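Fold and geometry: a report
Single-letter residue listing:
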Amino acid sequence: MQQQGKVQEEDLGGRFLSIGECMVELSQANDGHLRKGFAGDTFNTAWYARACLPADWSIDYFTALGDDAMSNEMASFMSSAGIGTASIRRLRGKTPGLYMINLKNGERSFSYWRDSSAARQLAADGDALRAAIEASDVLYFSGITLAILPREDAYTLLAELRRAKAVGKLVAFDPNLRPRLWSSLDAMHTLIADGARASTLVMPSFDDEAAHFGDDSISSTIRRYHQYGANMVVVKNGPEGATIGSGADETLVPAVKVNKVVDTTSAGDSFNGGFLAHYLQHGDPLAAAAFAAEIAAKVIQEHGALVSPKKLKIA
């Protein structure tokens, strides 16, 4: 990999590690019943990165699971999707978290059961965490990853990510602001800023940043994350598209229009996965954003967080 997280076309393959929590997902099926699946913001991004990257890239997931039947089923599901599970910690007596998607006119809200999730201990073993990060070329995490961890473990994770950034690995971060997961807004603001400082690429959503950081423009969001230390900022703004901020330049890449929005559950996660996959292969952020917009447009026309790669029809 190139220094400072830059990628050129001659780079052949690599190791992508996504860090966070995968949960049991209950979503609405067409007959009104609930359908079981597995999803979570950083796992969703890993799923779409796997769908969009060639076979010479490995995609691995770092989390903690329990030793129950549902944890075993989740790990098997990841493996069957081509996502590596060798670094996942297994904890005796623990279980995964669970959430349910509530849909209304294509927009979603969530109900969660995650307080005792095994994933809250994903960074408790610092040696295992360091080994997984050192074995990878690209790291991806989110504000939710930080929010679910005890504060000491969150700082352990951030220290390892700063080390990775310092040696030239690409560290990508979606702030994914969810105030309900944090003890206070001050805690959220502090850890999100620290997450950005550990990252080369930050991928926020403007509506979240405006609501919880008070940003009055996309330029304000880009400027703030640059000040924290990010080399590049990609601000997602729903149907308005995404703005790439690199240095002093800001460029809007339009969203792809769709006739009917079915489910926006994984709109941002799929955009992130598509962007990273394209950028890692070609090093062009504008082309990566255009490609990611096409992926996200296909995803929001389907139910659930994870859309089959066959339905994405990637050229």
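Up top is the structure.
Residues numbered from 1 in each chain as written. Predicted model: local features only at pLDDT ≥ 70, side-chain atom pairs only at ≥ 80, totals over all residues. Heavy atoms only, no water.

With respect to helix H8 (residues 218-228)
- For H8, every residue scored as buried is listed here: Ile 218, Ser 220, Thr 221, Ile 222, Arg 224, Tyr 225 and Tyr 228.
- Check the buried side of H8 and you find it contacts helix H6 (185-197), strand S12 (201-202), helix H7 (206-213), strand S13 (232-236), strand S14 (242-246) and strand S15 (249-253).
- Just past H8, the residue Gly 229 takes up positive phi, approximately 130°. (Buried < 20%, exposed > 50% of the residue type's maximum accessible area, 1.4 Å probe, protein only. Helix = DSSP H or I, 4+ residues; strand = E, 2+ residues; numbered from the N terminus. Contact = heavy atoms within 4.5 Å.)

Overview of the packing of helix H1 (residues 41-52) against helix H9 (residues 267-282)
- Running from N to C, H1 and H9 point in directions that differ by 45°, and their axes come no closer than 7 Å. With respect to H9, the element H1 is oriented oblique. The two elements H1 and H9 meet at a crossing, and its hand is right-handed. Here Asp 41, Asn 44, Thr 45, Tyr 48, Ala 49 and Cys 52 of H1 come into contact with H9, specifically with Asp 269, Ser 270, Asn 272, Gly 273, Gly 274, Leu 276, Ala 277 and Gln 281.
- Of the residues in the contact of H1 with H9, the class split is five nonpolar, seven polar and two charged. (Axes fitted to C-alpha atoms, helices over the stretch in contact; angles between N-to-C directions. Parallel < 35°, antiparallel > 145°, perpendicular 65-115°, else oblique. Left-handed = near helix turned anticlockwise from the far one by under 90°. Nonpolar A, V, L, I, M, F, W, Y, C, P; charged D, E, K, R; others polar.)

What to know about the nonpolar core
- Residues Phe 16, Leu 201, Val 234, Phe 271, Phe 275 and Leu 276 are the most contacted members of the largest nonpolar core, which totals 53 residues.
- Broken down by element, the residue count for this core peaks at seven residues, all from helix H10 (residues 285-299).
- Ignoring any residue separated from it by four or fewer positions in sequence, one finds Phe 271 in contact with Met 203, Val 234, Lys 236, Ala 242, Ala 289, Ala 292, Ala 293 and Ala 296.
- Of all hydrophobic cores here, the second largest spans 45 residues; its members include Leu 149, Leu 158, Met 188 and Phe 213. (Core = buried A, V, L, I, M, F, W, Y, C linked by side-chain atoms within 4.5 Å.)

Side note on the environment of Gln 281
- Inspection of the secondary structure puts Gln 281 in helix H9.
- Taking the relative accessible area as the measure of exposure, Gln 281 reaches 23% and is therefore partly exposed.
- Placed 140 residues apart in sequence, Gln 281 and Phe 141 show a C-alpha to C-alpha distance of 20 Å.
- One polar contact links the side chain of Gln 281 to the main-chain carbonyl oxygen of Ala 277, over a distance of 3.0 Å. (Polar contact = N/O pair within 3.5 Å; in protein donor to acceptor, adjacent residues only side chain to side chain.)

Quick notes on the pairing of S15
- Two strands pair when backbone bridges link them, and S14 and S15 are joined in this way by five bridges, in the antiparallel orientation. Bridge assignment links Ser 246 to a residue of S15, and that residue is Asp 249.
- The loop that links S14 with its antiparallel partner S15 comprises two residues; one of these, Gly 247, has a positive phi angle of about 65°. (Pairing = 2+ DSSP bridges.)

Some thoughts on the pattern of salt bridges
- Going through the model one piece at a time under the given rule, you end up with twelve salt bridges.
- The closest approach of N and O atoms between Asp 60 and Arg 15, which form a salt bridge, is 3.1 Å. Note that Asp 60 is positioned in strand S4 (residues 57-62) and Arg 15 in strand S1 (residues 14-19), a separation of 45 residues in sequence.
- Several salt bridges converge on common partners, so that one network encompasses Arg 130, Glu 134, Glu 160 and Arg 163. (Salt bridge = Lys/Arg side-chain N within 4 Å of Asp/Glu carboxyl O.)

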